[in-house]
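As a plain string of letters, each chain reads:
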Amino acid sequence: MGDYESLELGCSLWAQIDPEEDAEGATQFLYMQAKASVKEAAMPLLKTSTHQMNKAKMYKQSNKNNSGDNLEDF
């Protein structure tokens, strides 16, 4: 977070997949759900940290210049 502070966020999701279901699709869905959940938890904390907001702005600018991605792809 800055000033020797750190934060660790995580999320665990699981699903029971029947043999006729698309395992890859279910895995992708769970991944996107977990990513959104962690992002939702992290953003308010990151916004309170000036250090992290400056870092995010630099990341966003770097990605715009390199690949067209933005901070929303975090």
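In the block above lies the structure referred to throughout.
(A) The arrangement of the overall build of the chain in detail. Along the backbone of the chain there are two helices and zero strands. Across the 74 residues of the chain, 15% fall into the buried class. Long-range contacts, defined here as pairs at least 24 residues apart, represent 56% of the contacts in the chain between residues at least 6 apart. Accessible surface for the chain amounts to roughly 6200 Å². Of this, 51% is attributable to carbon and sulfur atoms.

(B) Main features of the environment of Gln33. Within the secondary structure, Gln33 sits in helix 1 (residues 23-47). Under the relative-accessibility criterion, Gln33 is labelled partly exposed at 38%. The sequence separation of Gln33 and Leu13 amounts to 20 residues, and the corresponding C-alpha distance is 8.3 Å.

(C) Focus on a negative patch on the surface. Side chains of Asp18, Glu20, Glu21, Asp22 and Glu24 sit close together on the surface and give a patch of like negative charge. Looking at the element boundaries, Glu24 is found in helix 1. Overall, the relative accessible area of 57% leaves Glu24 in the exposed class.

(D) Helix 1, seen in detail. Under the 1.5 Å per step criterion, the end-to-end length of helix 1 is 36 Å for 25 residues, consistent within 8% with the ideal 36 Å. The sharpest bend along helix 1 comes to roughly 25°, located at Ala41, with the proline Pro44 sitting one to four residues further on. Among the residues of helix 1, those classed as buried are Ala34, Lys39, Ala42, Met43 and Leu46. Capping the start of helix 1 is the job of one residue whose side-chain oxygen sits 3.3 Å from the backbone nitrogen of Glu24: Asp22.

(E) Spotlight on the environment of Ala56. For Ala56, the location among the structural elements is in helix 2 (residues 50-66). Sequence separation of Ala56 and Leu46 is 10 residues, and the distance between their C-alpha atoms is 8.8 Å.

Cut-offs used in this document
Residues numbered from 1 in each chain as written. Predicted model: local features only at pLDDT ≥ 70, side-chain atom pairs only at ≥ 80, totals over all residues. Heavy atoms only, no water. Helix = DSSP H or I, 4+ residues; strand = E, 2+ residues; numbered from the N terminus. Buried < 20%, exposed > 50% of the residue type's maximum accessible area, 1.4 Å probe, protein only. Contact = heavy atoms within 4.5 Å. Areas by Shrake-Rupley, 256 points an atom, 1.4 Å probe, with all protein chains shown as cover. Patch = residues over 30% accessible without salt bridge, like charges linked within 9 Å, V, L, I, M, F, W, Y side chains within 5 Å. Salt bridge = Lys/Arg side-chain N within 4 Å of Asp/Glu carboxyl O. Lys, Arg positive; Asp, Glu negative; His and termini not counted. Charge placed at Lys NZ, Arg CZ, Asp CG, Glu CD. Expected span 1.5 Å × (residues − 1). Bend = angle between axes of the 7 residues up to and from the residue. Polar contact = N/O pair within 3.5 Å; in protein donor to acceptor, adjacent residues only side chain to side chain.

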